[in-house]
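# Inside the fold
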Amino acid sequence: MSILLHILSSLFFHSDVFFSLDLSEEELQLVRDTCDVALSLTESKKEIFEYVESRMAFIAPNLTAIIGASVAAKMMGAAGGLTNLSKMPANHIALLGQEKKTLSGFSQKSTLPHTGFVYYSDVVQEVTPVKIDFRICI
């Protein structure tokens, strides 16, 4: 339902139509078709995600057992494959998936340094804040 609201809000924001006016049948059908496409894309994304998760247990069972299938798949994608991931130094693995900082006008205190896929995995996030350290390695 949120997809429908997003599409409707963007339709009203980018056009000369006001909220007090009804949509024509053509516009309403266009919104319905767009919602159907968005829902089918979401369903396809879910199916692909489930397939990748099911295959990760066979491709990299140890990595999947430690950090989970979704994080393992993201790390392998960022590294360029399992072979490249296995040859990567540990300090580079911790930085995989790190967002580029654009700090024009913002304080550096608001961004977390050295936070990649490993930092946001369930294993690291379940650690109590007293025990957490940015030097966590695999």
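Residues numbered from 1 in each chain as written. Predicted model: local features only at pLDDT ≥ 70, side-chain atom pairs only at ≥ 80, totals over all residues. Heavy atoms only, no water.

## A closer look at the overall build of the protein chain
- Helix and strand counts for the protein chain stand at seven helices and zero strands.
- Reading the protein chain from its N end, one meets helices and strands in the order α-α-α-α-α-α-α.
- For the protein chain, the proportion of its 138 residues judged to be buried stands at 20%.
- Sequence-distant contacts, at least 24 apart, represent 25% of the contacts inside the protein chain between residues at least 6 apart.
- When the accessible surface of the protein chain is summed, it comes to about 10,600 Å², and 60% of that surface belongs to carbon and sulfur atoms. (Helix = DSSP H or I, 4+ residues; strand = E, 2+ residues; numbered from the N terminus. Buried < 20%, exposed > 50% of the residue type's maximum accessible area, 1.4 Å probe, protein only. Contact = heavy atoms within 4.5 Å. Areas by Shrake-Rupley, 256 points an atom, 1.4 Å probe, with all protein chains shown as cover.)

## Let's talk about the environment of V124
- Relative to the elements of secondary structure, V124 occurs in helix α7 (residues 122-125).
- Since its relative accessible area comes to 6%, V124 is described here as buried.
- For the pair V124 and I67, spaced 57 residues apart in sequence, the C-alpha separation works out to 8.7 Å.

## A closer look at helix α4 (residues 69-79)
- Looking only at α4, the buried set comprises A69, V71, A72, M75, M76 and A79. For α4, the arc enclosing every buried residue in end-on projection is 165°, short of the 170-degree limit, so these residues lie on one face.
- Contact partners of the buried residues in α4: α2 (25-59), α3 (61-67), α5 (82-87) and α6 (90-93).
- Positive phi appears at G80, one or two residues downstream of α4, with a value of about 95°. (Arc of directions from axis to C-beta.)

## A short note on the packing of α2 against α4
- Two numbers describe how α2 lies on α4: the axes approach to 9 Å, and their chain directions differ by 85°. Relative to α4, α2 is oriented roughly perpendicular. Contacts between α2 and α4 involve F49, V52, E53, M56 and I59 on the former and, on the latter, A69, S70, A72, A73 and M76.
- By residue class, the composition of the contact of α2 with α4 is eight nonpolar, one polar and one charged. (Axes fitted to C-alpha atoms, helices over the stretch in contact; angles between N-to-C directions. Parallel < 35°, antiparallel > 145°, perpendicular 65-115°, else oblique. Nonpolar A, V, L, I, M, F, W, Y, C, P; charged D, E, K, R; others polar.)

## Topic: a negative patch on the surface
- On the surface, a cluster of negative charge is contributed by E43, E47, E50 and E53.
- Mapped onto the elements of the fold, E50 is located in helix α2. (Patch = residues over 30% accessible without salt bridge, like charges linked within 9 Å, V, L, I, M, F, W, Y side chains within 5 Å. Salt bridge = Lys/Arg side-chain N within 4 Å of Asp/Glu carboxyl O. Lys, Arg positive; Asp, Glu negative; His and termini not counted. Charge placed at Lys NZ, Arg CZ, Asp CG, Glu CD.)

## Considering the nonpolar core
- Of all hydrophobic cores here, the largest spans 16 residues; its most connected members are M56, L63, I67, M75 and L85.
- Those elements giving two or more residues to this core turn out to be α3 and α4.
- Sort the elements by how many residues they give to this core and α4 lands first, with six residues. (Core = buried A, V, L, I, M, F, W, Y, C linked by side-chain atoms within 4.5 Å.)

## Details of α2
- Its 35 residues place the ends of α2 50 Å apart at the C-alpha level, agreeing with the 51 Å of an ideal helix rising 1.5 Å per residue.
- Residues V31, C35, A38 and M56 constitute the buried set of α2. (Expected span 1.5 Å × (residues − 1).)

## Concerning the environment of L85
- Of note, L85 is situated in helix α5.
- Considered as a pair, L85 and L96 are 11 residues apart in the sequence and their alpha carbons are 9.9 Å apart.

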